[in-house]
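# An overview of the molecular structure
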Amino acid sequence: MTTSPRFWETKTLDEMSDAEWESLCDGCGRCCLHKLEDEDTRDIFYTDIACKLLDTEKCRCKHYSTRFDEVPDCLSVRPLTEEKLHWLPDSCAYAKLAKGEPLSDWHPLISGNPNSVNTAGIGIGGRCFSETDVPVAEWDQHLIVWAE
Ligand code: SF4
Ligand code: SF4
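From a predicted model like this one, the values you see are computed outputs, not experimental measurements.

What follows concerns the nonpolar core. Residues Trp 8, Leu 13, Met 16, Leu 24, Tyr 94 and Leu 97 are the most contacted members of the largest nonpolar core, which totals 15 residues. Counting only elements with at least two residues in this core, the list comes to helix H1 (18-24) and helix H4 (93-98). By residue number, the principal contributor to this core is H4, which donates four residues. Beyond its immediate chain neighbours, meaning those up to four positions away, Trp 8 contacts Met 16, Leu 24, Leu 97, Leu 103, Leu 109 and Ile 110. Counting eight residues, the second largest nonpolar core, distinct from the first, contains Tyr 46, Ala 50, Ile 124 and Cys 128.

Right, let's talk about unusual backbone geometry for a bit. Following Arg 78, the chain continues into Pro 79 via a peptide bond in cis, with omega recorded as 0°. By secondary structure assignment, the location of Pro 79 is in the loop between helix H2 (67-70) and helix H3 (82-86). For Arg 6, which is not glycine, the phi torsion reads 45° and is therefore positive. Checked against the element boundaries, Arg 6 lands in the segment before H1. Taking relative accessible area as the criterion, Arg 6 reaches 42% and is therefore assigned partly exposed. Phi angles above zero are rare outside glycine, and Cys 59 is one such case at about 60°. When you line up the elements, Cys 59 lands in the loop between strand S3 (54-55) and strand S4 (60-61). When its relative accessible area of 8% is taken as the criterion, Cys 59 is described as buried.

Turning our eyes to something else, we now look at the site of ligand 2. Taken together, Cys 32, Cys 51, Leu 53, Leu 54, Cys 61, Arg 67, Val 71 and Cys 74 make up all the residues around ligand 2. Across the shell around ligand 2, the residue classes break down as seven nonpolar, no polar and one charged.

Here is what the cut-offs are and how they apply
- Residues numbered from 1 in each chain as written.
- Chains lettered and ligands numbered in written order.
- Predicted model: local features only at pLDDT ≥ 70, side-chain atom pairs only at ≥ 80, totals over all residues.
- Heavy atoms only, no water.
- Core = buried A, V, L, I, M, F, W, Y, C linked by side-chain atoms within 4.5 Å.
- Buried < 20%, exposed > 50% of the residue type's maximum accessible area, 1.4 Å probe, protein only.
- Helix = DSSP H or I, 4+ residues; strand = E, 2+ residues; numbered from the N terminus.
- Contact = heavy atoms within 4.5 Å.
- Near = heavy atom within 4 Å.
- Nonpolar A, V, L, I, M, F, W, Y, C, P; charged D, E, K, R; others polar.

Right, dumping it as structure tokens:
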């Protein structure tokens, strides 16, 4: 992967290469969690229930290259529209940069440590359930406020 030093401070999201764009994803897995939306306020409420394709321990998509075929509502964040931004967590690097905010200290591009997203309590690996293991009728018991 080839990226320019601190490219995220000098390029817009649209100007980034594919490698630069991919490196911004910290692998937190929060975009793979099911969320509920209040129809009136559009407020988003997180659960700890993940998409069927997420490896809930490693926090990685098990079929990344075919994810859109297998999960039609998987969020394709590029290009990042206002509607997609609505569904991303505030901690997400794409959301931060889109809002003109700096990357967090725990972001691997800042810390130099791929695991810092977990030690900071942002990654959901090992802390979530697969949707295949939780009946839909019980999802409302899995609402959770994740630390930012
Ligand atoms: S929420 Fe953002 S940073 Fe986290 S895994 Fe999804 S795209 Fe990557
Ligand atoms: S298909 Fe993969 S990337 Fe998309 S939500 Fe599911 S686990 Fe996440």
